[in-house]
Amino acid sequence: RGVARLRAEAEAAMGGGRPERQPQRQKDERAKKTVEMKEKERPEPLSIEVDDKVLADPVENLNPDLNTRLQAFLEDVAARPDYYARVGGVLGGSAVAFATIRALLAILDVIPLLPQTMEAVGLVYTFWFVFRLFLFPKARKDLSEKVDDVVVRVRGSDTG
């Protein structure tokens, strides 16, 4: 009896213990009220009215500034198709090269000890490069001259 009394007191302190059983009819009524409340809260279906003019020419109905800029761009594409074909080719080629390099690096990363070896080689080369080209003033001056020479060759001339 002592244990049952302690258990009853603990259940009362925690909120009453077991829930009381409700008759099935009361449960059904509560479920029906819940469904009715959810149906009342449901929003009305959206009705979208479409203007025939919007469907006929959607470009005309955009922002006027955007429309003029878009028309100017399309005229520029029509005037210079070779230029935009080259740009598209460079972008497409860059995407293919990026995906290929990424796939190759993923494959190389799986080979045991190869990533650590490549990292060590990279560190040694970096230290050698810094020691050879940045540590001494004469080497820095030679490197600067070489970089300037490359810039001149890329630009075509240094007279702008």
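Calculation rules
Residues numbered from 1 in each chain as written. Predicted model: local features only at pLDDT ≥ 70, side-chain atom pairs only at ≥ 80, totals over all residues. Heavy atoms only, no water. Helix = DSSP H or I, 4+ residues; strand = E, 2+ residues; numbered from the N terminus. Buried < 20%, exposed > 50% of the residue type's maximum accessible area, 1.4 Å probe, protein only. Areas by Shrake-Rupley, 256 points an atom, 1.4 Å probe, with all protein chains shown as cover. Phe/Tyr/Trp six-rings, centres within 6.5 Å; stacked < 30°, edge-to-face > 60°. Lys NZ or Arg CZ within 6 Å of the ring centre and 35° of its normal. pLDDT = per-residue confidence, 0-100. Salt bridge = Lys/Arg side-chain N within 4 Å of Asp/Glu carboxyl O. Expected span 1.5 Å × (residues − 1).

Caption draft 1: Expanded view of the overall build of the chain. The helix and strand inventory of the chain stands at seven helices and zero strands. Reading the secondary structure of the chain in the N-to-C direction produces α-α-α-α-α-α-α. For the chain, with 160 residues in total, the buried portion stands at 2%. Of the roughly 15300 Å² of accessible surface on the chain, 61% is carried by carbon and sulfur atoms.

Caption draft 2: How the structure looks around the packing of aromatic side chains. Counted by the stated rule, this structure contains six aromatic pairs. For the pair Phe-73 and Tyr-84, a centre-to-centre distance of 5.7 Å together with 80° between the ring planes defines the contact as edge-to-face. Of this pair, Phe-73 sits in helix α4 (residues 64–79) while Tyr-84 is found in helix α5 (residues 81–110), placing the two residues eleven residues apart along the sequence. What makes Phe-73 partly exposed here is its relative accessible area of 42%. With a centroid separation of 5.6 Å and 90° between ring planes, the pair formed by Phe-129 and Phe-134 is classed as edge-to-face. Aromatic ring contacts, followed pair by pair, group Tyr-125, Trp-128, Phe-129 and Phe-134 into a single cluster. Lying over the aromatic face of Tyr-83, Arg-80 brings its terminal NZ or CZ to 4.6 Å of the ring centre.

Caption draft 3: Representation of the confidence of the model for the chain within the structure. Across the chain, the average pLDDT comes to 78, with 69% of residues at or above 70. Model confidence for the chain, summarised as mean pLDDT per element, is weakest for helix α3 (residues 52–56) at 52 and strongest for α5 at 92.

Caption draft 4: Examining unusual backbone geometry more closely. A positive phi angle, close to 65°, is found at Leu-113, a residue other than glycine. Along the chain, Leu-113 falls in the loop between α5 and α6 (114–133). Given a relative accessible area of 62%, Leu-113 falls into the exposed group.

Caption draft 5: Structural view of the pattern of salt bridges. The full count for this structure, using the stated rule, is three salt bridges. Asp-76 is the partner of Arg-80 in a salt bridge, and the nearest nitrogen-oxygen pair spans 3.1 Å. Judged by its relative accessible area of 25%, Asp-76 is partly exposed. A salt bridge links Arg-153 to Asp-149; the nearest nitrogen and oxygen atoms lie 3.7 Å apart. Taken together, the positions of Arg-153 and Asp-149, both in helix α7 (residues 137–155) and four residues apart, correspond to about one turn of that helix. You can call Arg-153 exposed: its relative accessible area is 61%.

Caption draft 6: Looking closely at α7. The terminal C-alpha atoms of α7, which comprises 19 residues, lie 27 Å apart, in line with the 27 Å expected from a rise of 1.5 Å per residue. Downstream of α7 by one or two residues, Gly-156 has phi in the positive range, about 105°.

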